[in-house]
Amino acid sequence: MILQPRDVGWIEVICGPMFSGKTEELIRRLKRASYARQNVQIFKPDIDDRYEADSLVSHSQVMLPSVAVASLEELRRALSPQVEVIGIDEVQFFTGPVVEFCEEMADSGRRVVVAGLDQDYKGEPFGSMPRFLSVAEYITKLMAICVRCGNPAHRSYRLAEDPQQVLVGTADQYEARCRRCFRTGYSSSNPSSHTT
Ligand code: ADP
Ligand code: ZN
C-alpha cells in the first residue's frame, strides 16, 4: 500500500521499456485524479507524433486528452495556475531543466506524475531519467514481455539501424526484449551498433 501524502506535493515516476504499459498506467492514475475532481493537466512532447496530437494513446489504444508541447517553456506557458496534478508522458524526450521544473511543481504542493523510458535502445540511461529516479518519492518500474522468449522484458531493442538516440518508436521499429535476447540480437545480427 502506498501512503498518500497530505498537503504536500510529490513526484511519481513510471518507467520501463517500450510496451511495458507506462502510458496506460499514467492514464489510469490521471483518470483517477479526475474522478476525485482534481485539476489535472497532461502533457507530452510533440516529438511523439505517433498518434493523436491532442491525446495520450497507449499501444493498446487507451486514450486520454493531453497537450503536445514543443519545449519545457511551452509547457510552462500552457500550465494552469489552478493545476493540482501534472502528468507528463515520454518525459525522457524533454531537454532543459525538466527535473528542476517538476521539483518546483512538487515543492509548490502539486502532484507530478512522469512516465518515460529509463533506458535507450543501447540499454543506457535515457536523458533526465536517472535524476528523476533519484529525486522522486514514488517509482514504478514496469516490464513488457520479451517478444522472442516470453520472459519479462526490461529493454527496448531497436530493429532499425540508426545511431541517433531519439528515433521515435513505432511497434515495427522496436521490440521489447529480455536481457538475454537483447544481447543475443545485437551480437548476432548487428554488432557495430551496440557497445557495452
Ligand atoms: P508504453 O507506454 O510503456 O510504451 P503502452 O501503455 O503504450 O506502453 O502500451 C502497453 C500495451 O502494449 C500493453 O497493454 C499491451 O496491450 C501492448 N503490448 C504490445 N506488445 C507488448 C509486449 N511485448 N509486452 C507487453 N505488452 C505489449
Ligand atoms: Zn527473451
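Attention here is on the structure that accompanies the text. Please read these numbers as outputs of a predicted model, since none were measured by experiment.

**Some words on the site of ligand 1**
- By nearness alone, 15 residues border ligand 1, and Lys22, Thr23, Glu24, His59 and Ile145 come closest of all.
- Taking Ser20, its main chain carries an N or O atom lying 3.1 Å from an oxygen atom of ligand 1.
- Gly21 places a main-chain nitrogen or oxygen 3.0 Å from an oxygen atom of ligand 1.
- Its free accessible area being 580 Å², ligand 1 has 74% of it covered by the protein chains.

**Digging into the pairing of strand 1 (residues 10–16)**
- Judged by how many residues are buried, strand 1 sits mostly within the fold: 7 of 7 residues are covered.
- Here strand 1 shows a buried face lined by Trp10, Glu12, Ile14 and Gly16 and a second buried face lined by Ile11, Val13 and Cys15.
- Where strand 1 and strand 7 (residues 111–117) come together, 7 bridges link them in parallel fashion. Its bridge partner lying in strand 7, Cys15 is registered against Gly116.
- Of the pairings in the sheet, the one linking strand 1 to strand 8 (residues 138–141) comprises 4 bridges and is parallel in character. When the bridges of strand 8 are listed, Glu12 appears paired with Tyr138.

**A closer look at the sheet that holds strand 8**
- The strand order across the open sheet built from 6 strands is 5-2-6-7-1-8, with neighbouring strands paired in parallel fashion. Looking along the sheet, the strands with just one partner apiece sit at the ends: strand 5 (67–69) and strand 8. The average angle at which neighbouring strand axes cross in this sheet is 20°, direction not considered.
- Summarising the sheet, strand 6 (residues 85–88) and strand 7 pair through 4 bridges and their orientation is parallel. Residue pairing for strand 7: Ile86 is matched across the bridge by Val112.
- Against the sheet, helix 1 (residues 22–35) makes contact with strand 1, strand 2 (40–45), strand 6, strand 7 and strand 8, and its axis sits at roughly 165° relative to strand 7, the strand it touches most.

**Here's the deal with the nonpolar core**
- If you look at the biggest cluster of nonpolar residues, it comprises 24 residues, and the most contacted ones within it are Ile88, Cys102 and Phe132.
- Residue assignment for this core shows that the elements contributing at least two residues are strand 1, helix 2 (72–78), strand 6, helix 3 (98–107), strand 7 and helix 4 (129–135).
- By residue number, the principal contributor to this core is helix 3, which donates 6 residues.
- When sequence neighbours within four positions are dropped, the list of residues in contact with Cys102 reads Ile11, Ile88, Val112, Val114 and Phe132.
- One finds Ile14, Ile42, Val113 and Ala115 within the second-largest nonpolar core, a separate group that totals 13 residues.

Rules behind the numbers
- Residues numbered from 1 in each chain as written.
- Chains lettered and ligands numbered in written order.
- Predicted model: local features only at pLDDT ≥ 70, side-chain atom pairs only at ≥ 80, totals over all residues.
- Heavy atoms only, no water.
- Near = heavy atom within 4 Å.
- Polar contact = N/O pair within 3.5 Å; in protein donor to acceptor, adjacent residues only side chain to side chain.
- Areas by Shrake-Rupley, 256 points an atom, 1.4 Å probe, with all protein chains shown as cover.
- Buried < 20%, exposed > 50% of the residue type's maximum accessible area, 1.4 Å probe, protein only.
- Helix = DSSP H or I, 4+ residues; strand = E, 2+ residues; numbered from the N terminus.
- Pairing = 2+ DSSP bridges.
- Axes fitted to C-alpha atoms, helices over the stretch in contact; angles between N-to-C directions.
- Contact = heavy atoms within 4.5 Å.
- Core = buried A, V, L, I, M, F, W, Y, C linked by side-chain atoms within 4.5 Å.

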